[in-house]
Amino acid sequence: MWRVLRAASFERRLLCFDFYVARSPRESFIYFLVQCSSDYMKHFLFSTGKVPFIHVGNQVVSELGPIVQFVKAKGHSLSDGLDEVQKAEMKAYMELVNNMLLTAELYIQWCDEATLEEITQPRYSSPYSWPLKNILVLQKKWEIKRKMKAIGWAGKNLDQVYEDVDQCCQALSQRLGTQPYFFNKQPTELDALVFGHLFTILTTQLTNDELREKVKNYSNLVAFCRRIEQNYFEDHDRDSSAGSSLRLSKGPTLP
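Our subject in this report is the structure included herewith. (Residues numbered from 1 in each chain as written. Predicted model: local features only at pLDDT ≥ 70, side-chain atom pairs only at ≥ 80, totals over all residues. Heavy atoms only, no water.)

Some remarks on the packing of helix α4 (residues 113–125) against helix α5 (residues 132–150)
Phase 1: Where α4 contacts α5, the two axes come as close as 10 Å, and the packing angle between them is 125 degrees. By the angle between their axes, α4 is oblique relative to α5. Here α4 runs over α5; the crossing is right-handed. Contacts between α4 and α5 involve E113, L116, Q121, Y124 and S125 on the former and, on the latter, K133, N134, L136, V137, K140 and K141.
Phase 2: In terms of residue class, the contact of α4 with α5 is built from four nonpolar, three polar and four charged. (Axes fitted to C-alpha atoms, helices over the stretch in contact; angles between N-to-C directions. Helix = DSSP H or I, 4+ residues; strand = E, 2+ residues; numbered from the N terminus. Parallel < 35°, antiparallel > 145°, perpendicular 65-115°, else oblique. Left-handed = near helix turned anticlockwise from the far one by under 90°. Contact = heavy atoms within 4.5 Å. Nonpolar A, V, L, I, M, F, W, Y, C, P; charged D, E, K, R; others polar.)

Thoughts on the packing of helix α3 (residues 84–111) against α5
Phase 1: At their nearest, the axes of α3 and α5 sit 10 Å apart, and the two run at 135 degrees to each other. As far as their axial angle goes, α5 and α3 are oblique. The handedness of the crossing between α3 and α5 comes out as left-handed. Contacts between α3 and α5 involve T103, L106, Y107, W110 and C111 on the former and, on the latter, V137, K140, K141, I144, K145, K147 and M148.
Phase 2: Looking at side-chain class alone, the contact of α3 with α5 contains seven nonpolar, one polar and four charged residues.

Observations regarding the nonpolar core
Phase 1: By size, the foremost hydrophobic cluster in this structure holds 52 residues, and its most contacted members are L101, L172, F182, L190, V194, L221 and F224.
Phase 2: When contributions to this core are tallied by element, the ones reaching two or more residues are α2 (64–73), α3, α4, α5, α6 (158–176), α7 (189–203), α8 (210–216) and α9 (219–241).
Phase 3: Broken down by element, this core gets its largest block of residues, 13 residues, from α3.
Phase 4: With sequence-adjacent residues up to four places away left out, L190 is seen in contact with M90, Y93, M94, F182 and F183. (Core = buried A, V, L, I, M, F, W, Y, C linked by side-chain atoms within 4.5 Å. Buried < 20%, exposed > 50% of the residue type's maximum accessible area, 1.4 Å probe, protein only.)

Quick notes on α6
Phase 1: In this model α6 runs 27 Å from its N-terminal to its C-terminal C-alpha over 19 residues, within 8% of the 27 Å that 1.5 Å per residue would give.
Phase 2: Along α6, the residues classified as buried are V161, Y162, D164, V165, D166, C168, C169, A171, L172, S173, R175 and L176.
Phase 3: The N-cap residue of α6 is N157: its side-chain oxygen and the backbone nitrogen of D159 are 3.2 Å apart.
Phase 4: Just past α6, the residue G177 takes up positive phi, approximately 60 degrees. (Expected span 1.5 Å × (residues − 1). Polar contact = N/O pair within 3.5 Å; in protein donor to acceptor, adjacent residues only side chain to side chain.)

What about the layout of surface pockets?
Phase 1: Considering only enclosed or pocket space, the largest pocket measures out at about 500 Å³ in volume.
Phase 2: G65, V68, Q69, M94 and N98 are, among the 20 residues lining the largest pocket, the residues nearest its centre.
Phase 3: Of all the secondary structure elements, the ones that give two or more residues to the lining of the largest pocket are α2, α3 and α7.
Phase 4: Among the elements that line the lining of the largest pocket, the one with the most residues is α3, at eight residues.
Phase 5: Of the residues assigned to the lining of the largest pocket, the class counts are eight nonpolar, five polar and seven charged. (1 Å grid on protein atoms, 1.4 Å probe; cavity = no way out; pocket = protein on both sides within 12 Å on 5 of 7 lines; lining within 4 Å. Points joined across faces, edges and corners; volume = space filled by probe spheres on them.)

Considering unusual backbone geometry
Phase 1: The peptide bond linking W130 to P131 adopts the cis configuration, its omega dihedral lying at 5 degrees.
Phase 2: Position of P131 among the secondary structure elements: in the loop between α4 and α5.

Things to note about the side chain of T200
Phase 1: Within the secondary structure layout, T200 lies in helix α7.
Phase 2: In this structure T200 comes out as buried when scored by relative accessible area, which is 2%.
Phase 3: At a separation of 2.6 Å, a polar atom in the side chain of T200 contacts the main-chain carbonyl oxygen of G196.

Focus on the state of the cysteines
Phase 1: Inspection of the entire model under this criterion finds zero disulfides.
Phase 2: Left unpaired, C168 is separated from the closest cysteine sulfur, that of C169, by 5.8 Å. (Disulfide = S-S within 2.5 Å.)

Focus: the environment of L198
Phase 1: Locating L198 in the fold gives a position in helix α7.
Phase 2: Since its relative accessible area comes to 0%, L198 is described here as buried.

Thoughts on the pattern of salt bridges
Phase 1: In the structure shown here, the tally under the stated rule is seven salt bridges.
Phase 2: Linking E113 and K141 is a salt bridge whose minimum nitrogen-to-oxygen distance equals 3.5 Å. In this pair, E113 sits in helix α4 while K141 sits in helix α5, placing the two residues 28 residues apart along the sequence.
Phase 3: Two residues, D209 and R212, come together in a salt bridge whose shortest N-O distance is 3.7 Å.
Phase 4: Owing to a relative accessible area of 15%, R212 belongs among the buried residues under this scheme. (Salt bridge = Lys/Arg side-chain N within 4 Å of Asp/Glu carboxyl O.)

What follows is the structure in structure tokens.
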């Protein structure tokens, strides 16, 4: 039995599901990775633990990258159909997302004082009592600031960060083009990762809509998110209501 657990502080409650219970193994794995990526982003921005994680026997594997490698070692990979050039391209785009989008999201959540005070601090500290909640916020804030300094982002302002997000979205939009997924008709690990970031940006309320608008400027990226939301969330919700053993609570949806 393979299970993925989500932090209880999310808008959607704890999710547990059997790994192979939905339709085919490939579709189960796609759904699993999409959930992992989306959950990882929300928890990474607002909490201290490491999710998602899978519990297999006496083994626990946490975070999206290690989970992908672990499951791949068990014989399941969404990128098996790609040639070596495509796999290298996929990895390059995944690095772009991690280096640009993730860094920008962390900067906005922890280095912009308005967002930190109004959004991040209350959500991050909500499970804890005083004074631990204040200590943990300070620790995380300085951790992120050290990271920004190490990678050369400490001197940036919000406009520059938004410009980096726009450049990343432009590159992703160009790669996606009119295809349903980044490598044509079948989603890969890249699709799960990109969805996790973009869906979080589009559905997370911040102090202003600037970050969200950067993504919404690229209609094919928004359509991509809607496609995955429909194919791997709404369809599974319908399966659940029709009597499947999957039981998923409905989370945030795209506006």
